[in-house]
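Single-letter residue listing:
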Amino acid sequence: EARSVALYETVDRDPATALARLGEINWVLVHSPKAGRRLARLLDPKVLAKLRFVGISEAAGLALAEAGAQNLCFATFPDEAAMLKLIVPA
């Protein structure tokens, strides 16, 4: 027997506050392909080219790369600890 259980949900929020603070953002963590697609649609290509992204997988960053993100790297293991290692090396 198997059943489906949602472990997390992506929820749309008003991006105005985050976008107003873009100059303060050093890294953007992208945890899913869905989040990557939303960011790619939301952010101006000039902003995409300036930000640094860490994807939990290549699939999570695909839409960002296609939209013009230039500073994009991927975790070697699909969890947040591996993502954070790319930001703050041990």
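Report follows, based on the coordinates.

**Things to note about the overall build of the protein**
Along the backbone of the protein there are 5 helices and 3 strands. Listed N to C, the secondary structure of the protein is α-β-α-α-β-α-β-α in terms of helices and strands. Scored against the burial criterion, the 90 residues of the protein give a buried share of 22%. Carbon and sulfur atoms make up 55% of the accessible area of the protein, which amounts to about 6,600 Å² in all.

**Focus on the environment of Arg52**
Secondary-structure assignment places Arg52 in strand 2 (residues 52–55). Remark: the alpha-carbon pair of Arg52 and Trp27, spanning 25 residues in sequence, is separated by 5.0 Å. In this structure, Arg52 is in contact with Asn26, Trp27, Val28 and Asn71, ignoring residues within four places of it in sequence. Separated by 3.2 Å, the side chain of Arg52 and the backbone oxygen of Asn26 make a polar contact.

**Looking at the environment of Leu86**
In this structure, Leu86 sits in helix 5 (residues 80–87). Separated by 33 residues in sequence, Leu86 and Phe53 place their C-alpha atoms 10.0 Å apart. When near neighbours in sequence (up to four residues on either side) are disregarded, Leu86 contacts Trp27, Val54, Cys73, Phe74 and Ala75.

**A few points about the pairing of strand 2**
Looking at chain direction, strand 1 (residues 27–30) and strand 2 are connected through 4 bridges and run parallel. Its bridge partner being in strand 2, Val30 is matched across the sheet by Gly55. Inspection of the sheet shows strand 2 paired to strand 3 (residues 71–74) by 4 bridges, in the parallel sense. In the sheet register, Val54 faces strand 3, and the bridge partner there is Cys73. Where the polypeptide runs from strand 2 across helix 4 (residues 58–67) and back to strand 3, its parallel neighbour, the crossover connection is right-handed.

Quick notes on the rules
Residues numbered from 1 in each chain as written. Predicted model: local features only at pLDDT ≥ 70, side-chain atom pairs only at ≥ 80, totals over all residues. Heavy atoms only, no water. Helix = DSSP H or I, 4+ residues; strand = E, 2+ residues; numbered from the N terminus. Buried < 20%, exposed > 50% of the residue type's maximum accessible area, 1.4 Å probe, protein only. Areas by Shrake-Rupley, 256 points an atom, 1.4 Å probe, with all protein chains shown as cover. Contact = heavy atoms within 4.5 Å. Polar contact = N/O pair within 3.5 Å; in protein donor to acceptor, adjacent residues only side chain to side chain. Pairing = 2+ DSSP bridges. Right-handed = clockwise from strand over helix to strand, strands pointing away.

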